[in-house]
Amino acid sequence: QKLNMELPEKSDLSILTNELYEIARYTVVEIENLSFNETKIDEDDLKITPSKEITIDLILRGSYYEILNYINTMEIMPRLIKVEDVLAQTSGNEDNDLLVFVIAKTYFANEYYR
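Our subject in this report is the structure included herewith.

Rules and cut-offs
- Residues numbered from 1 in each chain as written.
- Predicted model: local features only at pLDDT ≥ 70, side-chain atom pairs only at ≥ 80, totals over all residues.
- Heavy atoms only, no water.
- Phe/Tyr/Trp six-rings, centres within 6.5 Å; stacked < 30°, edge-to-face > 60°.
- Buried < 20%, exposed > 50% of the residue type's maximum accessible area, 1.4 Å probe, protein only.
- Helix = DSSP H or I, 4+ residues; strand = E, 2+ residues; numbered from the N terminus.
- Expected span 1.5 Å × (residues − 1).
- Arc of directions from axis to C-beta.
- Contact = heavy atoms within 4.5 Å.

## Description of the packing of aromatic side chains
The description of two aromatic rings rests on the distance between their centres and on the angle between their planes. All chains considered together, the criterion is met by 1 aromatic pair. Relative to Y65, the ring of Y64 lies with its centre 5.0 Å away and its plane at 85 degrees, an arrangement referred to as edge-to-face. Of the residues examined, Y65 reaches a relative accessible area of 63% and is grouped as exposed.

If you want it as structure tokens, here you go:
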């Protein structure tokens, strides 16, 4: 059961999307953009690759500590998520918010793996 949470059998992006927005609500961070990109696997490799990979691209807006809390919470989700890159810049507003670009990877079980 734990493995099914860490490495789901289906790439149900609606569940993942809901989880990421719930973290944002909890940490008071605004998600400005969220997109997913599934890594394509050659047909010949489908039966020998145990998992598939999804790249998560996020643009977040919030204070330094809100963003830090968001990323820390995202990393301890039951699902396997690896934060690969974070780029922060000031948003240019008077409220001192940061605009943060996050690239992360998550995985799901390959149903064709034998």
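## Re helix 2 (residues 13–27)
Across its 15 residues, helix 2 extends 21 Å between first and last C-alpha, which sits within 8% of the 21 Å expected from 1.5 Å per residue. Of all the residues in helix 2, the buried ones are L16, L20, I23, A24 and T27. Looking straight down helix 2, one finds its buried side chains confined to an arc of 100 degrees; they lie on one side. Seen from the buried face of helix 2, the exposed residues on the opposite side, beyond 90 degrees, are N18, R25 and Y26. Where helix 2 is buried, its residues meet strand 1 (30–38), strand 2 (51–62), helix 3 (64–75), strand 3 (81–90) and strand 4 (98–109). Just past helix 2, the residue V28 takes up positive phi, approximately 60 degrees.

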